[in-house]
Amino acid sequence: MSTDKAIKLSTQTARTLPVGEYPDSGLPGLRLNVTAKARSWSVFKWSRALGKPVRKRIGDAMTMTHDEAKRAAKAVMVEIEDGSVVTRTQRHAEDAGKPTLRKLAEAYTTQRRQKGFKTASWAEDVLERAYGEFMDKPAEALTREDVIARQDKLLTLKKGKATESKGQAASRAAKALSAVFTLAAKQGTYEGKNMGEYAEAPPPNARTRYLNGNEEAKVLEVLAAWEAHELQPWAAPYFKLALATGQRRSNLCAARFDEMHDLEGSAPVWVIPKGKFKSKRDHRVPLLPEAVAIIKAQREAHSDKPWVFPSPQSNSEGHLTDPSYAWEKVRKLAGVGDVTIHDLRRTTTSKLANLGLPAGMTAKLLGHADDRITQKHYHHLETEALRAAMLKVA
């Protein structure tokens with residue numbers, strides 16, 4: 001039983017609580033992590049110096065008391081704040097002339113950012129989640145056995161990141177490792193074996209999950225409750241706009257007000273520039289009244305920002321980059337199972353399919369050059385829609 005709500009922890013509760021993760025109400029940032037094999041104290045805190053959250057284990061909860069954990073946590077929080085908690089081992093490796101896995105990942109991010117990719121840090125983010133304990137060690141210290149063991153662990157997870165289905169975490173990690181080591185070899189910063197070759201990933205399967213009518217209603221009910229209580233105020237507009245437009249997560253996160261045209265007219269449209277779109281051409285998304293209302297409300301709330309969804313934590317991108325942690329809470333509260341953010345895109349297009357829109361037109365909305373991709377991955381008819389069609393020819 002994990003909880004996002006902070007609870008009052010003590011030495012006794014730390015040694016008796018069931019499996020889960022528990023934030024401490026007495027010291028924000030201190031957490032108790034309980035697995036089937038261990039109980040440990042850790043700190044999870046945003047680092048201004050690093051521009052991202054950092055997690056660090058500080059001790060065994062079976063031998064370290066709650067008071068001892070709080071004292072240790074306060075010291076670690078100072079290091080997290082100034083970034084030294086991560087950079088100490090990294091600096092040691094660099095002084096020895098051995099680039100760390102983090103350095104290789106950062107170089108990959110830098111190259112993609114220079115080329116204008118909208119998801120420049122994807123490999124760095126994936127490796128941080130999947131290979132976090134190796135990031136500040138010399139890249140050459142990562143062994144074949146390490147990679148095989150970590151990939152096996154990822155393959156057996158019920159889920160990876162909040163929005164990853166079973167096996168997806170392993171696939172992303174394998175791709176990230178291969179990409180990072182390939183670039184390092186080209187740049188001459190690494191001469192060893194490409195560790196991506198040892199990263200086993202499951203064969204890709206066409207995903208067909210989307211929200212049915214009842215599930216969508218439950219999600220919208222949760223989002224309405226969030227709006228009423230002003231919980232993460234960007235979340236409800238973001239997920240509603242995702243359902244109203246059917247566009248990719250990255251495009252929604254990076255949407256700008258100057259991309260929205262004719263909002264006061266009869267033909268409002270969102271023009272996603274070709275530099276930000278997967279097909280490398282401008283993509284025009286017709287905006288329905290609900291979408292227009294969301295964008296106008298966001299513009300009124302953030303009149304001093306260019307982004308429809310500004311970053312809630314002032315990151316380097318300037319806009320929202322990871323809505324998955326909020327979606328995980330929404331998904332659980334709505335009780336809709338393993339639905340990912342990308343499945344919202346599939347939900348929109350499947351609704352259009354059930355209304356009789358041809359796959360070719362849906363492909364235009366999604367920006368697919370080949371409507372066979374749309375038919376395979378996004379055009380899913382519900383049973384009742386099929387029944388209605390069959391009755392027409394009966």
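Our subject is the structure that appears above.
Residues numbered from 1 in each chain as written. Predicted model: local features only at pLDDT ≥ 70, side-chain atom pairs only at ≥ 80, totals over all residues. Heavy atoms only, no water.

Trainee: For the pairing of strand 6 (residues 269-272), give the residues involved together with the corresponding values.
Mentor: Residues Val269 and Val271 point to one face of strand 6 and Trp270 and Ile272 to the other, with burial holding for every one of them. By the bridge criterion, two bridges tie strand 5 (residues 260-261) to strand 6 in an arrangement that is antiparallel. Looking across to strand 6, one finds that Met260 is bridged to Trp270. Of the strand pairs in this sheet, strand 6 and strand 7 (residues 283-286) are connected by four bridges, and their pairing is antiparallel. Opposite Trp270, over in strand 7, you have Val285 as the bridge partner. (Buried < 20%, exposed > 50% of the residue type's maximum accessible area, 1.4 Å probe, protein only. Helix = DSSP H or I, 4+ residues; strand = E, 2+ residues; numbered from the N terminus. Pairing = 2+ DSSP bridges.)

Trainee: How would you explain the environment of Thr245 if you had to name every residue and give the values?
Mentor: Inspection of the secondary structure assignment puts Thr245 in helix 9 (residues 235-245). When the C-alpha atoms of Thr245 and Leu287 are compared, they prove to be 7.0 Å apart, with 42 residues separating the residues in sequence. Of note is the side chain of Thr245, whose polar atom sits 2.8 Å from the backbone oxygen of Leu241. (Polar contact = N/O pair within 3.5 Å; in protein donor to acceptor, adjacent residues only side chain to side chain.)

Trainee: Could you give an account of unusual backbone geometry, naming the residues involved and the relevant values?
Mentor: The phi dihedral of Asp262 is positive, around 60 degrees, even though this residue is not glycine. Tracing the backbone through its elements, the reader meets Asp262 in the loop between strand 5 and strand 6. Residue classification places Asp262 among the partly exposed residues on the basis of a relative accessible area of 39%.

Trainee: A description of the packing of aromatic side chains should follow, citing residues and the corresponding values.
Mentor: If you walk through the whole model with that rule in mind, you get nine aromatic pairs. Relative to Phe134, the ring of Tyr131 lies with its centre 6.0 Å away and its plane at 50 degrees, an arrangement referred to as tilted. Grouping residues by exposure puts Tyr131 and Phe134 together as buried. For the pair Phe239 and Trp327, a centre-to-centre distance of 5.1 Å together with 55 degrees between the ring planes defines the contact as tilted. With Phe239 in helix 9 and Trp327 in helix 12 (residues 324-334), this residue pair connects regions lying 88 residues apart in the sequence. With respect to class, Phe239 is no different from Trp327; both count as buried. (Phe/Tyr/Trp six-rings, centres within 6.5 Å; stacked < 30°, edge-to-face > 60°.)

Trainee: For the environment of Leu333, give the residues involved together with the corresponding values.
Mentor: Within the secondary structure, Leu333 sits in helix 12. Taking the C-alpha atoms as reference points, Leu333 and Leu223, 110 residues apart in sequence, are found 9.8 Å from one another. Setting aside chain neighbours within four positions, we find Leu333 in contact with Val222 and Trp226. (Contact = heavy atoms within 4.5 Å.)

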